[in-house]
Amino acid sequence: MIIVTSGHVDHGKTALLQALTGTHTAHLPEEKKRGMTIDLGYAYLPLKDQILGFIDVPGHERFLANMLAGLGGIHYAMLIVAADEGVQAQTIEHLNILSLLQLQEIMVVITKADRADAQQIDALEQQLCEQYAILANSKFFVTSATSGQGIEMLRDYLAQLPELSDTEKQFRYAIDRIFTIKGAGTVVTGTAFAGKVAIDDELYLSNGQKVRVKNIHAQNEQSTEGLAGQRLALNINLDFDRTLIERGDWLFSQPPAKATDRVTVWLENQIPLNESQPVHIYHAASHTTGKLTLLQHPKLAPQQHALAELILEQPLFLAHGDKIILRNSNSTSVLGGAKVIEIHSPKRHKRTEARFDYLRQLIQAETAEKRTALYLQNHAVEAEQLMWIEQLTDTQLNNILEKNGDIRFQSWCFNADYRTQQTSKLLTALAQYHEQHPDQLGLGKARLYRIAALNQPEKLIYHFIDELLAENQLQQTRGWLHTADHKIQFNEQERALWQQVLEQFEQHNGQALWVRDLAGLLGQEESAMRNFLYKAGKLGYLTAVVKDRFFLTENIYATARLIKQLVAGKEGISVNELRDVLQFGRKMTVQLVEYFDRCGFLRRKGNIHVLRDADVFDL
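Here we summarise the structure given alongside this text. Keep in mind that this is a model prediction, so the values were computed, not measured. (Residues numbered from 1 in each chain as written. Predicted model: local features only at pLDDT ≥ 70, side-chain atom pairs only at ≥ 80, totals over all residues. Heavy atoms only, no water.)

## Re helix α11 (residues 416-436)
Here's step 1: The first and last C-alpha atoms of α11 sit 30 Å apart over 21 residues, in line with the 30 Å expected at 1.5 Å per residue.
Here's step 2: Those residues of α11 not exposed but buried are Tyr418, Arg419, Gln422, Thr423, Leu426, Ala429, Leu430, Tyr433 and His434. The buried residues of α11 occupy an angular sector of 140° when the element is viewed end-on, so they sit on one face. For α11, the exposed residues set more than 90 degrees away from the buried face come down to Asp417, Glu435 and Gln436.
Here's step 3: Summarising the contacts, the buried residues of α11 are in contact with β26 (412-414), α12 (445-452), α13 (458-470), β27 (474-477) and β28 (480-483).
Here's step 4: Taking the backbone nitrogen of Asp417 as reference, a side-chain oxygen 3.3 Å away marks Asn415 as the first, capping residue of α11. (Helix = DSSP H or I, 4+ residues; strand = E, 2+ residues; numbered from the N terminus. Expected span 1.5 Å × (residues − 1). Buried < 20%, exposed > 50% of the residue type's maximum accessible area, 1.4 Å probe, protein only. Arc of directions from axis to C-beta. Contact = heavy atoms within 4.5 Å. Polar contact = N/O pair within 3.5 Å; in protein donor to acceptor, adjacent residues only side chain to side chain.)

The following block contains the structure:
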């Protein structure tokens, strides 16, 4: 567990931590020289069953960015106020930030009690409770690092605080320092937001590169594992000189999703806001700039909540529920805090009433199960995306889907309503096609997808088509999809023409005929004859071995049976051998054999063609 200490400069934060833990948190030479904390300082207090970690964050305004970097993934804070100086500028600003982060508990520690009398201290407590509503129910401690007053009582209270970090989620770790140790290699330090890690685990850097954990220090002690809510130093097998890694990067137990540059947030502002303004954005150890846009209001008064959108200059690795602090365009004052509601927000139609209703439901949904059900309303979502948004393991996601009655096919998750919507579109599109083209047998799978569900996942729509076929709501004839009650047939005029075509095939002794030749022989326009012959092909009467050259389908089957007899007992058959048996020309024989190769009946092997699938062309 980590507890943050915050407050105005020189109010005794570092001295208090030294009294509590015996550790002086100033670690930079400049800090020791100037007597103030510039970067984050850490101290640890070993107890019976745990080690408490303390972050000593900078109190000076110039170092506020470093202070913000220390507040990710933390549930408890101590607000430090000196008894002799009382509430100061950074006291208020730090308190505002702590309130925006929605911590579980803020304890007020009045320091330097030896420099003020009891009346001063009582007045200070009363001021804090009355002027700052968030402190009305806070626990107060009066201490002196010099005399030891109140230190033991504070230590005992901190020891009984419950651990709130979630160790069951995916491991997620914010890097705030990187350095190299001789003999060990690259070491990173940071805070574990969630999950757990063990020695020899493989993790992913923000850039997707895999690294292995060689050693772990948790809460400043050698350990075999690190847990959410702990300060960790991880020794990883990474050549720091060759791989670009910096403060603000992350380590994850799952491959990172694409960083997002557009998020929807639930905003709580500290000062009046316009509909749109540039902002500085702080998340964990990351800092970028961007634009804040109010979605429902032209202006916002202080201390209000509202839906807003953030467009980031530099994409961040955000998940649902992450907390963000916003400062103004020159980063001199806090604008407000925000909780991430949706990552990869849409670029269009973001102000419709339906969308606002969806976002309100997301805000109110208290569990991953409820939010997952909302994500899958009218959408199929990739499992990896769901796991990232909610920071779930694969098993946790499957359990949620089962509990919600949702469905997972390969990498896609969806609900029964979505399947019904998409299958209805497929059936409707096919019925409309039959109505418009009664002389066509149906559509190919790819074309039906493009007509009915172009913006949906292709593999998933193909899966729905296969299910419809299995349920006999769709049928497939020679590769063409059609409804169960759709049959194409010749009309009276076409039946008469078919008899003439059939006579020509009989006169040519079963050989293939060209569209152009048949059109000339029968006095038909060529394009009309072409359409007719291809329709006959869909009905199964003819087979095109190349474009516009047809065999009677019954002759194709007869030739296939003959080939099976000819290759029996030997490896295969040559084109010349088949030509001599059939008494065809070489070109026609080559076209016929290549057709058999294409459909999987034969396979070319050197100068012969071997039988590949004897079951093809079985009657």
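## Quick notes on the side chain of Ser286
Here's step 1: Relative to the assigned elements, Ser286 resides in strand β19 (residues 286-294).
Here's step 2: If near-sequence neighbours (up to four positions away) are discounted, Ser286 is found in contact with Gly248, Trp250, Ile281 and Leu316.

## Considerations on the packing of aromatic side chains
The description of an aromatic ring pair rests on the distance of the ring centres and on the angle between the ring planes.
Here's step 1: Taken as a whole, this structure holds 19 aromatic pairs when the rule is applied.
Here's step 2: Look at Phe252 and Trp388: their rings are 4.9 Å apart centre to centre, the planes differ by 80°, and that puts the pair in the edge-to-face class. On the criterion of sequence distance, the pair formed by Phe252 in strand β15 (residues 250-252) and Trp388 in helix α9 (residues 383-390) is long-range, its members being 136 residues apart. The exposure classification of Phe252 matches that of Trp388, with both residues buried.
Here's step 3: Taken together, the ring pairs connect Phe193, Trp250, Phe252, Phe317 and Trp388 into an aromatic cluster.
Here's step 4: Positioned above the aromatic ring of Tyr462 is the side chain of Lys445, whose terminal nitrogen or guanidinium carbon lies 5.4 Å from the ring centre. (Phe/Tyr/Trp six-rings, centres within 6.5 Å; stacked < 30°, edge-to-face > 60°. Lys NZ or Arg CZ within 6 Å of the ring centre and 35° of its normal.)

## Some remarks on the packing of helix α17 (residues 553-567) against helix α19 (residues 586-598)
Here's step 1: Look at α17 against α19: their axes get within 12 Å of each other, and the N-to-C directions meet at 80°. Viewed along their axes, α17 and α19 adopt a mutual orientation that is roughly perpendicular. Only Leu592, Tyr595 and Phe596 of α19 make contact with α17, whose side of the interface consists of Ile556, Thr559, Ala560 and Ile563.
Here's step 2: Within the contact of α17 with α19, the residues separate by chemical class into six nonpolar, one polar and no charged. (Axes fitted to C-alpha atoms, helices over the stretch in contact; angles between N-to-C directions. Parallel < 35°, antiparallel > 145°, perpendicular 65-115°, else oblique. Nonpolar A, V, L, I, M, F, W, Y, C, P; charged D, E, K, R; others polar.)

Limitation: the analysis is restricted to geometry and does not speak to function.
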